[in-house]
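Survey of secondary and tertiary structure
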Amino acid sequence: MMTDAAKGGEIGMDGVTPAEASPEPDLLCIYGTGDLGRSLGQRLLQTGYRVVYGSRRPRSCGPLPRGAQVLSHAAAAQSAGLVFICVHREHYNFLENLAPHLQGKVLVDLSNNLKKDIYPEANAEYLQRLVPGAAVVKGLNTLSAWALLNGPLAGRQVYLCGDGAGAKQAVAEVATRLGLGVLDRGSLSAARELEDFPLQLFPEWRLPLRLAVGLTAFFFFYLLVRDVVYAYVEEGRDLSYRITVSLANKLFPTVSLILLALCYLPGILAAILQLYRGTKYRRFPDWLDRWMLCRKQLGLLALGFAFLHVVYSLIIPIRYSAKHRLISRVVDELKDNKSTPFDFDNTRAWGTDSFYMLGILGFFLFILLGLTSLPSVGGMLSWREFTFIQSKLGYLTLLICTSHGYVYGWNKFLRPSVYKWWTPPAYMLCLVVPSVVLVLKLLLLLPCVDHRLTRIRQGWERTGTRAEKDENIATHF
Amino acid sequence: MMTDAAKGGEIGMDGVTPAEASPEPDLLCIYGTGDLGRSLGQRLLQTGYRVVYGSRRPRSCGPLPRGAQVLSHAAAAQSAGLVFICVHREHYNFLENLAPHLQGKVLVDLSNNLKKDIYPEANAEYLQRLVPGAAVVKGLNTLSAWALLNGPLAGRQVYLCGDGAGAKQAVAEVATRLGLGVLDRGSLSAARELEDFPLQLFPEWRLPLRLAVGLTAFFFFYLLVRDVVYAYVEEGRDLSYRITVSLANKLFPTVSLILLALCYLPGILAAILQLYRGTKYRRFPDWLDRWMLCRKQLGLLALGFAFLHVVYSLIIPIRYSAKHRLISRVVDELKDNKSTPFDFDNTRAWGTDSFYMLGILGFFLFILLGLTSLPSVGGMLSWREFTFIQSKLGYLTLLICTSHGYVYGWNKFLRPSVYKWWTPPAYMLCLVVPSVVLVLKLLLLLPCVDHRLTRIRQGWERTGTRAEKDENIATHF
Amino acid sequence: MMTDAAKGGEIGMDGVTPAEASPEPDLLCIYGTGDLGRSLGQRLLQTGYRVVYGSRRPRSCGPLPRGAQVLSHAAAAQSAGLVFICVHREHYNFLENLAPHLQGKVLVDLSNNLKKDIYPEANAEYLQRLVPGAAVVKGLNTLSAWALLNGPLAGRQVYLCGDGAGAKQAVAEVATRLGLGVLDRGSLSAARELEDFPLQLFPEWRLPLRLAVGLTAFFFFYLLVRDVVYAYVEEGRDLSYRITVSLANKLFPTVSLILLALCYLPGILAAILQLYRGTKYRRFPDWLDRWMLCRKQLGLLALGFAFLHVVYSLIIPIRYSAKHRLISRVVDELKDNKSTPFDFDNTRAWGTDSFYMLGILGFFLFILLGLTSLPSVGGMLSWREFTFIQSKLGYLTLLICTSHGYVYGWNKFLRPSVYKWWTPPAYMLCLVVPSVVLVLKLLLLLPCVDHRLTRIRQGWERTGTRAEKDENIATHF
């Protein structure tokens, strides 16, 4: 089919009249006239193919795209070499009877299921069993009818698998002409995996989400005990109203800072491991690999919590309790009948303002980090730009946010009254991981350590004998 | 031209010296040496084509991309089979004289107009009339000179139309090699439509914008009467200063919540219609189809209004009138000379804080919804992820935002003083649509209803006789 | 290789059994079994190629993608026509000995360096010198091992350069089948440029960043003198705490507004230049060209500063000093023992509320502008939509933000006390550029000027004689 196209082009190019030479475009067959079948046919027609639908009752099969033919299943199969199966798996049985007509054809199975593991074998494998003489290719099933009809397909990636190389090649050609990027996932035994793709529900978010939920739950109860239960038990005051805002506004920054630190910790552990092993050519342990792969999600979750913290902080002055405290304070002030209303504490002004400044700058950098993790923005960055943002800017963000926490602590670290029931406040706990990360990073930045690490990452290996070293280098080129 | 390329590749692959065999790349012709002509030529040269410009005065036509030839119009046409016309329509008349030289060539019309409907026929149809012997193809006109020069074209979609299949194929080959996705829109009579593409001004935003403007206008006057006119007429107070902030901050959440609910209503109506009809194979009425298609825009507009509402709410405490009210209140408090300044109302603290919490969480989820509607983010989601976010998360957002409104109402629903001039406050009005949507959704989630709907959406149909049912199923595969 | 593929497709299309005909896919060779080599091999295998690795010790070279062969360097070179060199430049010397085996092969140099200018010649030129009989093509070096393994390549753009057209064509074919868009950058002498691509660090941000830093530094010291030093010198008060928040919150809007105006100024200067010259066909001076090219970055920086300004403004009421001022004021108020607490100034309420409203609306529009500059959003806009947003909406944003500044000034323009040490406040200074831009834009919108400009931009030229004019038009088509 490329050859036809090429011929058409060639003729035009050589100055021979292309308007007269209209090469017949390739004919593709579609079984199924539902949403998917119709959208696919429409798109194939627009891309320059001819399309024939196979239908049990060709005369009454509802509206089809303009320009498409409709034939019986058998006749449609006869006319084309490639058949797209746009039918639900439950109705596949009719294909068994058509097997003789489908002998030697390429059958593209686009079907998906509503849930995982409801059938013992993949739809495509079932299809292959029904029509053993055909070459079944599983693929394109990540495209929805909607995307086929409306979206720009160009630049999207689809997956194929199947046992016949030629059959896969034929399908890949069609997909390429639709503008799709094609990845071959191997033999038909990968069909199940492909059928599970559209049913995935944020698999790479699972670990980070569990971590976030765990941390949130722990700190929620920790803060509940310290801020509400303690006051109730020890002082008999009901501060339960604090749960919705005050407590949440301690919870979010705590979890956010820990998640951000956990986002940079695996990189540091990997560096330490490489330094210890003296090579980059040994695989990391599985847990570290998985941790490394979800850093982006950890960072985005941290950003979410930071965002909530920012909005929660900004509404403080509108709150009833904040207004109440302010007014009570004025009245108290007046009751005491001081000559000057009350003293302006310059140190305190510096402290609180620096605290806010660090918070705002940290949040600003955090948002920049988040923006570059948008696929369309990140995809435009050069290698060095990406490295710069994700490491330099990332560590700067962590540093500023950690300082924000330290300035919040300020002069409370040594005040015994904050250690209610002998527990440290949550903000102290949440400073532990970031501080460790920052100190370790600082150690890794020491010239002697940094130099060694750079050499290791360029392929150098610490080995015993000269011969062994030669061997080692040799293995990598 | 593909054949040449293929040959080049083939030679290299077989181990024969490709460096020696330099197949002559295809030659394309460009008429017009303005911005567009130059950018297109540059890009074609970079993609591996040879380019010849046709110019009336080949010797004095300004700077052209390095590597391009310049010939007279006639000579240039002679040398290539494909001619890109990068000239304004007003200057097309010179092509009439060249008609003999353009016999049998493919002419690609890339022209655009400054406004719609200024000429009786499309530019490409006019061109075809001038040069009847050539095969005119309209297309690529959505690419600007700037995009051709700078942008990555890969992944962008362009449209073609024309009467000759071979001619279209030749142009599609070039476009594909430029990395563009190509969609064929049929015969040359579609040229007008293609020429209108670059002149479109947010067509899919028109309906949602009109709705938003209508709602905004209605509620503006409604609020103006209740909040400003009422006080002036009944109490003689001038509260006109409230228009800029207080009134706007009632207006925005009202419109936002209604728009959000309107974004989910059509889906519910469609489900009810499918349940009533007992099939998914009948088309929805036109108004419902159009409504369904602009849900994304409705949602984004609602997000915009919600964003304004959030910022407006956050600046409340900086406002002069808010400060004034606070100070007056303290002074009043002191004047009354109570022993305790004023009582802390625990219920009120709970109420207002829950109100803020719901607002913040709703806004947070709203932003998540908005982020996934970014093409680059949404494009990476699997079908199930997209469904999860747009329906589950969407309804959760609507639920939380509606609760935010109910908690705002709180204990005012039964207080007669809020019904000024017998009108209910705006926030009560805006709760109607979301409440209806949520109740209907709840009904649709009842197991018996949900089960039936799922079956219908999988292709099941409620029919009278067994025969009729067979027929029905048959028509869809 | 395309031909093979096409054959496979063709057979399938004609109804002949494609499952039986499995054409042998093309064989590509990779030298280097590090991260890059392995990722590239994996991807090539998935795209349907066969892959053979060249290794010095084929038997002990670590884990390779399933399906790949490993041979000695010489044998691997023999078997394929195209060799990807995935080895660090430092190890290239082994290739010199292989030169006889690489005679006539296409060598693709994917190498990058860690820094710019550490070697006198480009890696690819060095490679060509070592293996003079091969056709070296530099390219694909902007793809990382990570992107090759995980990312969707479709839609990404890569660059090639080399001296042999056939060799480049062969590499371009492979890249195209990987879904990449390919741009030819000419002969091998462009290799250095290509090798510098991954080492670029925001080149287009440099000018705008310098400008922003310069403006920030200037206004920081200006404000420091006026707000802190002045109070210390003249009144002996220590207001240094203001640096972190108050001063920053004057600094950010000032710089933001100037940057936004500078983003629209070059367009106006270009229009004036075109009007003055009477043609659009003469190149702008270099400085104007460079300025035009960084407008997007200027706008985004302005948005960043505006964002900081908004958050800084919103935290005002939580600040210690703001609370202190409020409480002092109440106490003062009470001390004076007025009968009514204090008067409500309607004009002032209008003024401040309008000020906030303009700020919020300006920020909202600013964010809309920022969103459309996201590649994935902007790429979906038609030419007219893009123009509408970037010019109409842009100027509206500038107008609203400038008004925000004027309303801030309000009645202070004529108050002598604001001119400390004879200097005007920063907000007056920052209104100069935007006001000039807006006035010039208004002049350009006058019908007579606008009409002339539109004609010039459509290609019309003001010339002396009729003949000359003909000449002029002629040169552009």
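Computed from a predicted structure; not experimentally measured.

**Considering the overall build of chain A**
Looking only at helices and strands, one finds 20 helices and 8 strands in chain A. When the accessible area of chain A is evaluated, it comes to approximately 21100 Å², of which 60% is carbon and sulfur surface.

**Section: the pattern of salt bridges**
Applying the stated rule across the entire model yields 33 salt bridges over all chains. The salt bridge involving Arg319 of chain A is made with Asp353 of chain B; its shortest N-O contact spans 2.5 Å. With one member in each of two chains, Arg319 of chain A in the loop between helix H12 (295-314) and helix H13 (320-335) and Asp353 of chain B in helix H14 (residues 346-372) form a pair that bridges those chains. Each of Asp109, Lys138 and Glu195 of chain A takes part in salt bridges that share partners, so that together they form one network.

**Points about the relation of the copies chain B and chain A**
Take chain B, turn it by 120 degrees, move it 0.0 Å along the axis, and it overlays chain A with an RMSD of 0.1 Å. Each copy turns onto its partner about a three-fold axis. It is Gly155 of chain B whose C-alpha, among those of chain B, lies nearest the rotation axis, at 2.6 Å. A share of only 11% of the interface residues of chain B reappears at the interface of chain A, consistent with the copies meeting through non-equivalent patches.

**Structural notes on the environment of Ala190 of chain C**
Checked against the element boundaries, Ala190 of chain C lands in the loop between strand S8 (181-184) and helix H8 (191-196). Sequence separation between Ala190 of chain C and Cys161 of chain C is 29 residues, and the spatial gap between their C-alpha atoms is 6.4 Å.

**A word on the domain arrangement of chain A**
When the domains of chain A are assigned, the result is domain 1 (18-199) and domain 2 (203-476). Of note, the centres of domain 1 of chain A and domain 2 of chain A, computed from C-alpha atoms alone, are 50 Å apart.

**Let's talk about the relation of the copies chain A and chain C**
Superposition of the two copies of the chain requires a rotation about an axis together with a shift along that axis. For the match of chain A to chain C, the screw axis carries a shift of 0.1 Å, the RMSD comes to 0.1 Å, and the turn is 120 degrees. When you check the interface residues of chain A against chain C, a mere 11% turn up at the interface there too, and the two sides of the contact use different surfaces.

**A short note on the packing of aromatic side chains**
Where two aromatic rings form a pair, the distance of their centres and the angle of their planes describe that pair. Residues and elements named next belong to chain A. For the structure on display, the rule yields 54 aromatic pairs over all chains. Following the ring pairs from residue to residue traces out a cluster consisting of Phe355, Tyr356, Tyr408 and Tyr427. One residue, Arg177, lies across the ring of Tyr49, its end atom 4.3 Å from the ring centre.

Cut-offs and rules
- Residues numbered from 1 in each chain as written.
- Chains lettered and ligands numbered in written order.
- Predicted model: local features only at pLDDT ≥ 70, side-chain atom pairs only at ≥ 80, totals over all residues.
- Heavy atoms only, no water.
- Helix = DSSP H or I, 4+ residues; strand = E, 2+ residues; numbered from the N terminus.
- Areas by Shrake-Rupley, 256 points an atom, 1.4 Å probe, with all protein chains shown as cover.
- Salt bridge = Lys/Arg side-chain N within 4 Å of Asp/Glu carboxyl O.
- Least-squares fit on C-alpha atoms with pLDDT ≥ 70 in both.
- Contact = heavy atoms within 4.5 Å.
- Domains from an automatic or database assignment.
- Phe/Tyr/Trp six-rings, centres within 6.5 Å; stacked < 30°, edge-to-face > 60°.
- Lys NZ or Arg CZ within 6 Å of the ring centre and 35° of its normal.

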